[in-house]
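Tertiary structure, described
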There are 2 protein chains.
Amino acid sequence: MTELPESEVDVLIIGAGPAGLMLALWLARLGVKTRIVDKRTDKVYSGQADGFQVRSLEILDSFGVGERVWKEANRMLEISFWNPDSNGAIFRSAHSVNTIPGLSRFTESVLHQGRIEGFFLDAIRDSDTPDQALRVERMVIPTSLEIDESAVEDADAHPVTVTLRHLTEEEATPTQMLSNLADGIFRSNLADDDVGDILERSKAREARDEIVRAKYVVGCDGAHSWTRKTLGKEFEMKGETTDAIWGVMDIVPITDFPDIRFRTMIHSTSGAIMIIPRENRMVRLYIQLKEVSAGSGRVDRSQITPDFIFKSAQKVFSPYKLEYHYCDWWTAYQIGQRTGDHFSKLDRVFLAGDAVHTHSPKAGQGMNVSMQDSYNLGWKIGLVSKGILPREVLSTYELERKKIAKDLIDFDGKFSKLFSGRPAKDIMDETGVSSDEFQKAFHTSRMFTTGVGVNYEPTVLVAKEAEEGTDHGLKRSTAKSTQSLATNCKLGQRFPSHKVIRQSDARLWELHHKLPSNGRFRLVVFGGDISQQSQRDTVNNFGAWLKFYMPKLPTIKLLPGSDPHSGSMKFITDEDPSIVDVLLVHSAPRDKIDLLGDVHEVYHPFDPKLGWDYDKVFADGETYYEEPARAYEKYGIDKSKGAVVGLRPDGYVGLVTPVSEEGQQEIEKWFGGIFQHE
Amino acid sequence: MTELPESEVDVLIIGAGPAGLMLALWLARLGVKTRIVDKRTDKVYSGQADGFQVRSLEILDSFGVGERVWKEANRMLEISFWNPDSNGAIFRSAHSVNTIPGLSRFTESVLHQGRIEGFFLDAIRDSDTPDQALRVERMVIPTSLEIDESAVEDADAHPVTVTLRHLTEEEATPTQMLSNLADGIFRSNLADDDVGDILERSKAREARDEIVRAKYVVGCDGAHSWTRKTLGKEFEMKGETTDAIWGVMDIVPITDFPDIRFRTMIHSTSGAIMIIPRENRMVRLYIQLKEVSAGSGRVDRSQITPDFIFKSAQKVFSPYKLEYHYCDWWTAYQIGQRTGDHFSKLDRVFLAGDAVHTHSPKAGQGMNVSMQDSYNLGWKIGLVSKGILPREVLSTYELERKKIAKDLIDFDGKFSKLFSGRPAKDIMDETGVSSDEFQKAFHTSRMFTTGVGVNYEPTVLVAKEAEEGTDHGLKRSTAKSTQSLATNCKLGQRFPSHKVIRQSDARLWELHHKLPSNGRFRLVVFGGDISQQSQRDTVNNFGAWLKFYMPKLPTIKLLPGSDPHSGSMKFITDEDPSIVDVLLVHSAPRDKIDLLGDVHEVYHPFDPKLGWDYDKVFADGETYYEEPARAYEKYGIDKSKGAVVGLRPDGYVGLVTPVSEEGQQEIEKWFGGIFQHE
């Protein structure tokens, strides 16, 4: 046997669905040497996951991808609930707002998975540098993975060895295609894992194998995750599988049902349906299939056809008519919730997305939680690979994301049960699900389902006090936050976006657009009313300290795409900026402030080739063109005193502290705990 | 000599700058067989025209291109005026709003010409059909043009014969490149026309010629227009040329001047400067060059170097410092204003843009008026070529655009004189230009400079009464409008965009986004409060009449890109829609209206494959997420009675009439006058 080719890489990503692509984009933007492989021949073209929660849109927007989704997606603004009346005919029992107004500039939206995968691929391409043009390597599967345990704590080592096999097109094509319609069964949990098949078919051709030595490997390889299985028995997912089977169809409906363009939950005596209006005149229907059941064994898949699913839907819609000419995609799945105890092995091999938590798709959570997993992981692996962060930060991934996965399957279990339940006949019907009960469950879950409610535990990254009785065993920050200074910038939660006015040119900006995902931590200095001499002195003294302190921190090279909302970086400078970006948001009348004359130069740093930076100081208050900005009020910050809000590279609040010497000390402690290599 | 290859085309466009590309995009979207040729080797990469007025952005947005400009461009929201104090040092004499708040969703913006040319090329590509993939043919110049006058009135004839020569790269490269810096002099009016040169150099190779027979030819070939010159002496442009020379530089400034990111007019004792802050940290400076003059003859171009221009700028900025490291582009020009008497020959050969009006660039008008010329012409030529409109509509092009060109050069002459003038020393200084006078001139011209003030004359296209004593000789509509029904939808002016709420799914839309440039006329039925039975009957009776009347109108095939704001048209139907699109905007409480049950089906047409159309009915009023829509108030329409507003395919108001039998008669007269072929 000839020797296999060998190579090194910082990060190897297995699987190029939304979780894998999100991670690849992060690492491309950070300039980390990365490969991403996928067993399929191509990206998804129709169907699959489709719901975008507001936090996902915010995250995508931080890479410059959000606008494309937001433009093409269908937005679901209101929701209808339908229930059977005393004669069993369905009627609209309630109609209300869908997501929470004011929570975000985005609302829940729907666009098929293939588009977002395409947007990721474009954004990764836009991040090309002379050193790296990261592309998905398709028709490649891993066949072995080993960790050299003696080297895991050596930051420079490549202790994970993976064998990759390059397939032919024939080998990579799923065998389970059932019909001419775009049929998603082969990706459903009703289908068997086909990796065994593929390996079997490709066995004879080991010559097309190669060996990759990686610092880190991330399995984003879905519910049947090869990576998870390879890591061993303690990585098995656990949970419940119910007997309930649901069908899914993407059709262009021909119907007289009045709420077909609203998100709608129908409970009828013939079963339940959820309507998800989509882009391109399409509608997705989730249809309870009461006449099939997993029962004790596997489902008889031959029974589940588009025709069968659609007839079930027609019964629920009755007396309204439902027909279609175009069907874009269909599938079916069995309701169940499973998650694993471990999200990483030795902080060298990680699992993300469906590889470590699966559940039913109706709540539109799957793709979102998966992308958010790798959004959480990407900057940590990236900055550790670059030597900027110590390895111990990697342990926060499992801590932060396992809790979300658990919340997710709890939510899904409860929600699915309510949805699959029999509608209550009347108020005395205790085993049925009443419309009120269902609506209440829906509305109370919104902070979770929007993704905005995520609240990370205290660690070195989040300087907040632990709740009593919780000890996760990871090191905590020695810094102390003062949450009361910024009541709506909650420690451990995502920093919200509100509008502010750029001092230099009066343009209104979403503050998020000045906080792109490029690996930098942030100090947002809410400087208060700096038209008052004493407050200006406070802010400028703080600036003088920053000027002294910042050079002690690491620097980071910014790559193409790192500032996606401010135009391309055509003119470049020789100096790498600090890993910490400083922004000033003041509450003084804008015309009373002279950017260059009044505020310390740390807030408008000078570059010998580019001059002063005019993009770091923002005001609250009036403009000629739009409603006044009300940033201080919305962030919950006092206009006279202000506050400093410290943000992680993923936009979560890690520190809230005063603009003062005390604040300086807390900042030193916070960053000290994060950047210190032991 | 061998015979030259011959071919036929509906429209031949000469010149692929903004005017030519706008026309090409229109014709691509309409599916008109078109060719576009340009003498240069490539599109513009830096410098050139850069200012986008709000009307241009609205027009670009109607093709789906506006968002790209709006995202990348620098927005100029406020303006500063600086003048010399009694010691001659400059100070900020005023600071105010730049454009008119509330006029449009856009504001004046700046992005270099190469980007917009690139966006046009992308949008044209997105309009590809199996029948046509329109691409700019570069390094091609026309060498002869003849019109067969006997065939001009035959709508199906191809009476214009043009010989095209295909150049080599060497032949097409301008000889006037002066330095390594991107130097725009070769496109400036200080440069000689180089077509003669090119022809001379390429003479020997006539074998690379071809003959094109076109229905229509449009010269978008700039100030030295070969097309114009070929049409003969009566097409010569007339006007004034002053002695004043101005320099232009695009630099990344290193300066302590406080207003460098605002649009700023500086009058100093050393000359005048206009600051145009741009994308990518750049700033454009227009710099009066007091030390050179055209005098009696041509300017000594060797004197005009970046160094010379920059030194002049430094003097004006003094005592503020100005330096730079990066210069992206520079040029110089001589102030003058010229326009032609004729914009078309026999309505078979047309001129647009700089080919028929030139002026100084400082007001940011050039590219805008040029694009608006061909925006006006495109749908007319397109729909005439397709046999939908009679040829006589083509005469409205010269009528409508010549007036704008004249207004433009009047404005520019006045504005340039004020700007180049000596600043007044004090209130008694009558020969100097006072700051107040200058500011007043600036502000009063804004309705014109935004492009929103354009007001077209009464013709078959615009059913309004002529002012006394005006007779342009073209036929007028026999329909009579009632302007008072919609006081802010002014006849002859562009229909403004305000937000409305889609009945079917509660999404807020800019109404412009439902009026894309795809060749269709529109009837916007403001139906009033249709929760009232009598008003609902009125609107539905009107709908019943529409259902009867519409089939008498032509139909139009919609092509890819024709609905750029509503996602791609993945699902298609067999039927071509009417040339007239009908939208209903009501003022009833949204939750009181059942789209399918309450309003006539003409407002939600049924398609046998796609079901009902959910995208045609909109409401005014409240939503959960944003400020309430106030469309009726903003359009100046009474909520109880409503109005019907008739729009041309370019979005200009052609008819305002009641929702009644009277309105039906006026609509029949209006469309009768437009579509009737004699």
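Just so you know, these numbers come straight off a predicted model, no measurement behind them.

This brings us to the sheet that holds strand 3 (residues 51–52) of chain B. Residue and element names in this part refer to chain B. Strand order in the open sheet formed by three strands is 3-7-4, and the pairing between neighbours is antiparallel. Of all the strands in the sheet, the pair left with one neighbour each is strand 3 and strand 4 (74–75). Two elements, strand 3 and strand 7 (residues 109–110), share two bridges in a ladder whose sense is antiparallel. Within strand 7, the position partnered with G51 by the bridge is V110.

On to the pattern of salt bridges, then. All names here are of chain A. Overall, the coordinates contain 86 salt bridges over all chains when judged by the stated rule. Salt-bridge contacts for R213 lead to E6; the nearest nitrogen and oxygen are separated by 2.6 Å. In this pair, R213 is assigned in strand 11 (residues 209–219) and E6 in strand 1 (residues 6–14), connecting sequence segments 207 residues apart. Judged by its relative accessible area of 28%, R213 falls in the partly exposed class.

So, about the relation of the copies chain B and chain A. Of the two same-sequence chains, chain B is brought onto chain A (RMSD 0.0 Å, axial shift 0.0 Å) by a rotation of 180°. Such a combination of turn and shift is consistent with a two-fold rotation axis. Both copies share a contact surface, since 100% of the interface residues of chain B are interface residues in chain A too.

This part takes up unusual backbone geometry. Between S318(A) and the following residue, P319(A), the backbone shows a cis peptide bond with an omega angle of 10°. One non-glycine residue, D347(B), lies in positive phi territory at about 50°. Position of D347(B) relative to the elements: it lies in the loop between strand 17 (344–345) and strand 18 (349–351).

To continue, consider the domain arrangement of chain A. Residue and element names in this part refer to chain A. Assigned domains of chain A: these are domain 1 (6–450) and domain 2 (483–674). Centre-to-centre separation of domain 1 and domain 2, based on C-alpha positions: 36 Å. Contact with domain 1, which involves 31 residues of that partner, is made by 26 residues of domain 2. On the domain 1 side of the interface with domain 2, the three residues burying the most area are R29, R105 and W379, jointly 25% of the side's total. Between domain 1 and domain 2 we count two salt bridges in total.

This part is about the interface of chain B and chain A. Of the residues lining the interface, 56 residues belong to chain B; the matching set on chain A comes to 56 residues. Together chain B and chain A conceal approximately 5200 Å² of surface at their shared face, both sides included; 52% is due to carbon and sulfur atoms. Notably, a salt bridge pairs K71(B) with E67(A), separated by 3.2 Å at the nearest N-O pair. In this structure, the connection of chain B to chain A is made through 12 residue pairs in polar contact (both at pLDDT 80 or more).

On to the sheet that holds strand 26 (residues 617–619) of chain A, then. Residues and elements named next belong to chain A. Reading across from one edge, 21-20-26-23-22-27-28 is the order of the seven strands in this open sheet, with mixed pairing throughout. At either margin of the open sheet sits one strand with a lone partner, and together these are strand 21 (508–510) and strand 28 (653–657). The mean inter-strand angle of the sheet, taken between neighbouring strand axes irrespective of direction, is 30°. Pairing of strand 22 (residues 521–528) with strand 23 (residues 580–586), which is carried by seven bridges, proceeds in the parallel orientation. Considered in strand 23, the bridge of F526 is made with V585. Against the sheet, helix 13 (residues 533–549) makes contact with strand 22, strand 23 and strand 27 (643–647), and its axis sits at roughly 160° relative to strand 22, the strand it touches most.

The rules behind the values
Residues numbered from 1 in each chain as written. Chains lettered and ligands numbered in written order. Predicted model: local features only at pLDDT ≥ 70, side-chain atom pairs only at ≥ 80, totals over all residues. Heavy atoms only, no water. Pairing = 2+ DSSP bridges. Helix = DSSP H or I, 4+ residues; strand = E, 2+ residues; numbered from the N terminus. Salt bridge = Lys/Arg side-chain N within 4 Å of Asp/Glu carboxyl O. Buried < 20%, exposed > 50% of the residue type's maximum accessible area, 1.4 Å probe, protein only. Least-squares fit on C-alpha atoms with pLDDT ≥ 70 in both. Contact = heavy atoms within 4.5 Å. Domains from an automatic or database assignment. Buried area = accessible area lost by both parts, 1.4 Å probe. Polar contact = N/O pair within 3.5 Å; in protein donor to acceptor, adjacent residues only side chain to side chain. Axes fitted to C-alpha atoms, helices over the stretch in contact; angles between N-to-C directions.

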